[in-house]
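The residues making up each chain are set out below.
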Amino acid sequence: MSWGTELWDQYDNLALHTQKGIDFLDKYGNFVRDRCAIELEYASKLRRLVKNYQPKKKEEEDYEYTSWQAFRNVLKEIGDLAGQREIVAETLQAKVIHGISLLSKNLRDDRKKSLTEGAQLTHTLTNQIAALERAKRNYDKSYRDAEKSIENYQKADADLNLSRADVEKHKHNMTMKCQQSDDSKNEYANQLQKSNKLQQTHYETSLPEVFNRLQEIDEKRTKGLKEFIKSAADAESSVAPIIARCLEGIVKASESIDEKEDSLKVIERYKSGFTPPTDIPFEDLSKVDAESSNYSSQNNLGINNMTQKGTMGATKLKKRVGIFGIFGSNKLLEACITVKNTLSTDGMKEDFSDLPPNQRRKKLMAKIQEIQQKITQETAAYDGLVKMKGVYEANTMLGDPTTVDAQLNESGSRLEKLKSELKKFKMYLDAANNAQMMQHSPQQHRNMYNGQRSSRHSNGSGENEDGEDNPDDAGSLSSSASPESGLGTSHTSLPGSGQGSANDNTHPEDMYYEAELLQPLGTCKALYPFDATSEGSIPMAEGEELQVIELDQGDGWTRVRRMCGASGWEEGFVPTSYIESTLYA
């Protein structure tokens, strides 16, 4: 079925239809163009959104949590989504909009050419029909004139009153009119034959060809629209797998959130390393005065050289210190660090001693790792310079070996400086670890408790027997933190159960106290097995019988003793909740 045969008389409608079709194609092109603008605007706004919510420098520490990391991954996937929307817009612009513009222009040119040709054919046929009509009118007029002239001749010939000349005149007029009528008839016949032939050619060949070309133009426009719509869909579907992976990445980011891990990281980040304060003991001032006077008399008499509450000292009264003394007065640890403690660029001290213990250790380990990375890089650079110098020495044409010496010296200087700095920060870390270890030991808990009590009894002074201040004694805690030292005997120990003294001239690291056995306060039975994991504690098996030599003073630890074969007695601390005690009356 073709337009040329079926729509032979619908020239104007076909012209209008093809015009509407091309206008519709342009309309779809404008739609795709507006969609491209929306896609680009959407991508731009997505990128702006991602940029606005990118982590700030001050928020970098918070992105160690899984939830914050997941959000950063979501931002990355959204940025990739924006990129895919830009690809869609670019594809639509290149393949669809450009193609529609080119096709629309070609279709308009072809339509105009076809319509012009059709108009010329129609105009020619119209002119021929007009000529036929004129020939027909002339023939009709001449025929009537001829009939009238014949009628006039017949009347004249029948009229006897007319002369022979008049009759001849009418006969001549009749002959002329008849000749004109025949000529008009022949002209009419010729025009009719010509018109019929032209009309047949027009409606059977010429105009159908024009209409068929218009049909081809319209079908081409329709097929092009079909391909463009499919191309737009293909542009979308081509990025669909990547968009799907982006969405999968977002889902994966959500699944990576671990609330338990974040809770542990909160603990790790904000944990200070300090231990909670123990119960504040009740102090009976009357007993305190009695004990103080009793202690003063014993001290003056030099009996057993015992310090208050069973803490031994050879010739000096050693003042106990609390938890702040661990980090503020530890002269033994501070003596190992000779480098001046300066402030860093962020306002903190170089050894981070102004931070809580746990945070200080984290900062120091991070600093050590950073320095080690720098040392690795500098070592690689130094080795490269050494190899370069060797190559220059082997072949002087490649370069002068002396030019590398300055760089080698500079690199070696930097390397030595980094190693020195690494050693310094390792000393800081060792000091922090030692302080942390002392703080978490049960013996240290007991020393802190007794230190607070003894400082209350001695009015907070650290004087020796001669009344002189001994500030360094506050730092002797590190040398007496082991359970073997015998320190930490509480007020619940029996009177007179003192311990032997050590030589004051002994080096603090080699200082040991030979303690006399304290009188047991009762017995206890282990309810659960216990593995000693901290300094000053001892292990025990379930059901094991032990001697209680010092009661729990509110820190959750009880000091016990047991027979340990030929080596003698073994003393240490166990958790109070792990034992069942039976005290002597």
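A brief report on the enclosed structure follows.

Procedures and definitions
- Residues numbered from 1 in each chain as written.
- Predicted model: local features only at pLDDT ≥ 70, side-chain atom pairs only at ≥ 80, totals over all residues.
- Heavy atoms only, no water.
- Salt bridge = Lys/Arg side-chain N within 4 Å of Asp/Glu carboxyl O.
- Helix = DSSP H or I, 4+ residues; strand = E, 2+ residues; numbered from the N terminus.
- Buried < 20%, exposed > 50% of the residue type's maximum accessible area, 1.4 Å probe, protein only.
- Core = buried A, V, L, I, M, F, W, Y, C linked by side-chain atoms within 4.5 Å.
- Contact = heavy atoms within 4.5 Å.
- Phe/Tyr/Trp six-rings, centres within 6.5 Å; stacked < 30°, edge-to-face > 60°.
- Pairing = 2+ DSSP bridges.
- Axes fitted to C-alpha atoms, helices over the stretch in contact; angles between N-to-C directions.
- Nonpolar A, V, L, I, M, F, W, Y, C, P; charged D, E, K, R; others polar.
- Expected span 1.5 Å × (residues − 1).
- Polar contact = N/O pair within 3.5 Å; in protein donor to acceptor, adjacent residues only side chain to side chain.

### Notes on the pattern of salt bridges
Move 1: Overall, the coordinates contain 26 salt bridges when judged by the stated rule.
Move 2: Ionic pairing is found between E236 and R35, a salt bridge with its closest N-O pair at 2.6 Å. Here R35 lies in helix α2 (residues 11–52) and E236 lies in helix α4 (residues 164–255), a separation of 201 residues in the sequence.
Move 3: According to the relative accessible area criterion, E236 is partly exposed, its value standing at 27%.
Move 4: Residue classification places R35 among the partly exposed positions, given a relative accessible area of 24%.
Move 5: Here R144 ties to D140 by a salt bridge, and the two come within 1.9 Å at their closest N and O atoms. Of this pair, R144 and D140 both sit in helix α3 (residues 66–158), four residues apart, which is roughly one turn of that helix.
Move 6: Through salt bridges with shared partners, a single network forms among R35, E39, R85 and E236.

### Description of the nonpolar core
Move 1: One finds Y28, L92, V96 and F211 to be the most contacted residues of the largest nonpolar core, which totals 36 residues.
Move 2: At the level of elements, α2, α3 and α4 are the ones that each hand at least two residues to this core.
Move 3: Filtering out sequence-adjacent residues up to four positions away, F211 remains in contact with W3, G4, L7, W8, Q10, Y11 and L14.
Move 4: Among the nonpolar cores identified, the runner-up in size contains 13 residues, and F352, L364, F425 and L429 belong to it.

### Re the side chain of S181
Move 1: Within the secondary structure, S181 sits in helix α4.
Move 2: Each residue touching S181, except ones within four places of it in the same chain, is listed here: Y139, S142, Y143 and A146.

### A look at the packing of aromatic side chains
The geometry of an aromatic ring pair is captured by the separation of the ring centres together with the interplanar angle, meaning the angle of the planes.
Move 1: Evaluation of the coordinates by the stated rule reveals 10 aromatic pairs.
Move 2: Ring plane angle 85 degrees and centroid distance 6.5 Å describe the contact between Y53 and F71, whose orientation is recorded as edge-to-face. Taken together, the residues span a long stretch of sequence, with Y53 in the loop between α2 and α3 and F71 in helix α3 at a distance of 18 residues.
Move 3: Look at Y53 and you get partly exposed, because its relative accessible area is 49%.
Move 4: You can call F71 partly exposed: its relative accessible area is 35%.
Move 5: Pairwise contacts between aromatic rings join Y528, F530, W557 and Y578 into one cluster.

### Things to note about the sheet that holds strand β1 (residues 522–526)
Move 1: Within the open sheet, the five strands sit side by side as β4-β3-β2-β1-β5. Their pairing is antiparallel. If you trace the sheet from one side to the other, it starts and ends with β4 (569–575) and β5 (579–583), each paired once. Taken pair by pair, the neighbouring strands of this sheet meet at an average axis angle of 35 degrees, ignoring direction.
Move 2: Pairing geometry for strand β2 (residues 545–550) and strand β3 (residues 557–563), over three bridges, is antiparallel. The residue of β3 that forms the bridge with E550 is R559.

### Thoughts on the packing of α3 against helix α5 (residues 259–270)
Move 1: The N-to-C vectors of α3 and α5 enclose an angle of 120 degrees; their axes lie 8 Å apart at closest approach. Between α3 and α5, the residues in contact are T66, S67 and Q69 and E261, D262 and K265, respectively.
Move 2: Taken together, the residues of the contact of α3 with α5 sort by class into no nonpolar, three polar and three charged.

### A few points about α5
Side chains three or four residues apart in an α-helix point the same way, a direct result of the helix having 3.6 residues per turn.
Move 1: With 12 residues, α5 extends 16 Å from end C-alpha to end C-alpha; this agrees with the ideal 16 Å at 1.5 Å per step.
Move 2: With a side-chain oxygen positioned 3.1 Å from the backbone nitrogen of K260, the residue opening α5 is D258.

### Quick look at the pairing of β2
Move 1: With four bridges connecting them, β1 and β2 associate as antiparallel partners. Directly across from T523, in β2, lies its bridge partner Q547.
Move 2: Here β2 folds back onto β3 in antiparallel fashion, the turn holding six residues, of which G554 has a positive phi close to 100 degrees.

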